[in-house]
Amino acid sequence: WKNIVAMWIKLEESLGFSDSSVSFLPSKQRPREVGVWIKNGRPMKTPLVPVTDIPGYAQQWFVWWASCQPDWRNKEALIREDMRPAGDWLCLRRGGKNGFFMVLLSFACWCEAIVNDTDHFSFTKAMGDVAWVLNQMTASTPSTKRVR
């Protein structure tokens, strides 16, 4: 988790910590709980939004995550490191509160609900793919940070 947060901060830094209103990840197919959190005014309290159906949440999360991926990435092979040369990551290089932060928030909702090894296994698989994607994005793209 710490590695994912550190890479996310590196991504945000490369984007100049922008909170542009056009930096959205797709909301279509996003887990319902994330949308509820947004509609409730984005409260930063625990639990963020209760996840009562963890297998359903996990399944919906993977559908959403696949929909966020670039066209060149094999959506059937997600959760495995795609050994092809990385292409354009613009669809995921989204900063601010509506950008890649939504992926981290979706993990927080999911993590709060984990109660057994099966739940943890799917969560760990998702974290592995997100970590790989963040690593690809932060290693392959120069900083766009504004120089003062």
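Structure: see above.
Residues numbered from 1 in each chain as written. Predicted model: local features only at pLDDT ≥ 70, side-chain atom pairs only at ≥ 80, totals over all residues. Heavy atoms only, no water.

*Asks:* Could you give an account of the packing of helix H3 (residues 54–68) against helix H4 (residues 101–113), naming the residues involved and the relevant values?
*Replies:* One way to put it is that H3 packs onto H4 with a least axis distance of 11 Å and a crossing angle of 165°. With respect to H4, the element H3 is oriented roughly antiparallel. Where H3 crosses over H4, the handedness of that crossing is left-handed. Residue-level contacts link Ile-54, Tyr-57, Ala-58, Trp-61, Phe-62, Trp-64 and Trp-65 of H3 to Met-102, Val-103, Ser-106, Phe-107, Cys-109, Trp-110 and Ala-113 of H4. Across the contact of H3 with H4, the residue classes break down as 13 nonpolar, one polar and no charged. (Axes fitted to C-alpha atoms, helices over the stretch in contact; angles between N-to-C directions. Helix = DSSP H or I, 4+ residues; strand = E, 2+ residues; numbered from the N terminus. Parallel < 35°, antiparallel > 145°, perpendicular 65-115°, else oblique. Left-handed = near helix turned anticlockwise from the far one by under 90°. Contact = heavy atoms within 4.5 Å. Nonpolar A, V, L, I, M, F, W, Y, C, P; charged D, E, K, R; others polar.)

*Asks:* Please set out the side chain of Ser-14 residue by residue, giving values where relevant.
*Replies:* With respect to the element layout, Ser-14 can be found in helix H1 (residues 2–14). Of the polar contacts made by the side chain of Ser-14, one reaches the backbone oxygen of Leu-11; its length is 2.7 Å. A polar contact of 3.3 Å, which involves the side chain of Ser-14, links it to the side chain of Arg-93. (Polar contact = N/O pair within 3.5 Å; in protein donor to acceptor, adjacent residues only side chain to side chain.)

*Asks:* Describe in detail the packing of aromatic side chains, supporting the description with residues and values.
*Replies:* Under the criterion given, the structure shown has 15 aromatic pairs. A ring pair is formed by Trp-1 and Phe-107, whose centres lie 6.4 Å apart and whose planes are at 65°; its orientation type is edge-to-face. One end of the pair, Trp-1, is in the segment before H1; the other, Phe-107, is in helix H4, with 106 residues separating them in the sequence. You can call Trp-1 partly exposed: its relative accessible area is 46%. When the ring of Trp-72 is compared with that of Trp-89, the centres are 5.1 Å apart and the planes differ by 80°; the resulting orientation is edge-to-face. Residue Trp-72 is found in the loop between H3 and H4, and its partner Trp-89 is found in the loop between H3 and H4; the two are separated by 17 residues along the sequence. (Phe/Tyr/Trp six-rings, centres within 6.5 Å; stacked < 30°, edge-to-face > 60°. Buried < 20%, exposed > 50% of the residue type's maximum accessible area, 1.4 Å probe, protein only.)

*Asks:* I'd like to hear about the pattern of salt bridges, residue by residue, with values.
*Replies:* Tallied over the entire structure, the rule returns two salt bridges. Between Arg-73 and Asp-129 there is a salt bridge, and its shortest N-O distance comes to 2.6 Å. Here Arg-73, found in the loop between H3 and H4, pairs with Asp-129, found in helix H5 (residues 117–140); they are 56 residues apart in sequence, far enough to count as distant. When its relative accessible area of 2% is taken as the criterion, Arg-73 is described as buried. (Salt bridge = Lys/Arg side-chain N within 4 Å of Asp/Glu carboxyl O.)

*Asks:* Requested: an account of the environment of Thr-138, with residues and values cited.
*Replies:* Tracing the chain through its elements places Thr-138 in helix H5. When the C-alpha atoms of Thr-138 and Arg-93 are compared, they prove to be 9.4 Å apart, with 45 residues separating the residues in sequence. Contacts of Thr-138, omitting those with residues within four sequence positions, involve Met-7, Lys-10 and Leu-11. In terms of polar contacts, Thr-138 uses its side chain to reach the backbone carbonyl oxygen of Asn-135, at 3.4 Å.

*Asks:* Break down the packing of helix H2 (residues 32–39) against H4 for me, with residues and values.
*Replies:* Taken N-terminus to C-terminus, the directions of H2 and H4 make an angle of 105°; their axes are 10 Å apart at the nearest point. As judged from the angle between their axes, H2 and H4 are roughly perpendicular. Between H2, through Val-34, Trp-37 and Ile-38, and H4, the contact on the second element is made entirely by Phe-101, Met-102, Leu-105 and Ser-106. Considering only residue class, the contact of H2 with H4 consists of six nonpolar, one polar and no charged.

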